[in-house]
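Given next are the chains, with one letter for each unit.
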Amino acid sequence: MAWLILIAAGLLEVVWAIGLKYTHGFSRVVPTVVTILAMIASMGLLGLAVRSLPIGTAYAVWTGIGTVGTVIFGILVFGESASLLRLLCVSLIVIGIIGLKALTTT
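Cut-off values and rules
- Residues numbered from 1 in each chain as written.
- Predicted model: local features only at pLDDT ≥ 70, side-chain atom pairs only at ≥ 80, totals over all residues.
- Heavy atoms only, no water.
- Axes fitted to C-alpha atoms, helices over the stretch in contact; angles between N-to-C directions.
- Helix = DSSP H or I, 4+ residues; strand = E, 2+ residues; numbered from the N terminus.
- Parallel < 35°, antiparallel > 145°, perpendicular 65-115°, else oblique.
- Left-handed = near helix turned anticlockwise from the far one by under 90°.
- Contact = heavy atoms within 4.5 Å.
- Nonpolar A, V, L, I, M, F, W, Y, C, P; charged D, E, K, R; others polar.
- Expected span 1.5 Å × (residues − 1).
- Buried < 20%, exposed > 50% of the residue type's maximum accessible area, 1.4 Å probe, protein only.
- Polar contact = N/O pair within 3.5 Å; in protein donor to acceptor, adjacent residues only side chain to side chain.

Caption draft 1: Structural view of the packing of helix α1 (residues 2–23) against helix α3 (residues 55–78). For the pair α1 and α3, interaxial distance at closest approach is 8 Å and the crossing angle is 45°. Overall, the two elements α1 and α3 adopt an arrangement that is oblique. Where α1 crosses over α3, the handedness of that crossing is right-handed. Residues W3, L6, I7, A9, G10, L11, E13, V14, A17, I18, K21 and Y22 of α1 pack against T57, A58, V61, W62, T63, I65, G66, G69, T70, F73, V77 and F78 of α3. Considering only residue class, the contact of α1 with α3 consists of 16 nonpolar, six polar and two charged.

Here it is in structure tokens:
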């Protein structure tokens, strides 16, 4: 269950990271509120996950999910670069997340 909570926290990190773009420097009310709520929910779920997962593993996986999700969103929606080298680097993050999950006994 802790892993599902952590995945949800990571997905909410993607929401708030992308939300930052839409706030236009926190000058737009609705995107700002959504972003702040996603931040709070993401951190809250991370806090629940670390009750039973090692903090180093949980934090690395949380930020990894957020990073990979944000990069993919940026490529698909904002037309950011999808160069081979960039995709290779993102793949390394995914491999790291999988490795940490495989090595954690919870």
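Read on, since the account is not over.
Caption draft 2: Expanded view of α3. The end-to-end C-alpha distance of α3, which contains 24 residues, comes to 32 Å, matching closely the 34 Å that a straight helix rising 1.5 Å per residue would cover. Of all the positions in α3, only T57, A58, V61, W62, G64, I65, G66, V68, V71, G74 and I75 are classed as buried. Considering only its buried residues, α3 is in contact with α1, α2 (29–49) and α4 (84–103). A positive phi of about 70° marks G79, the residue just after α3.

Caption draft 3: The arrangement of the environment of A9 in detail. Structurally, A9 is set in helix α1. With 56 residues separating them in the primary sequence, A9 and I65 have C-alpha atoms 8.8 Å apart.

Caption draft 4: Representation of the side chain of S42 in the model. Within the secondary structure, S42 is located in helix α2. A distance of 2.8 Å separates a polar atom in the side chain of S42 from the backbone oxygen of A9. Non-local contacts of S42, meaning those with residues more than four positions away in its chain, are made with A9, L12, E13, W16 and W62.

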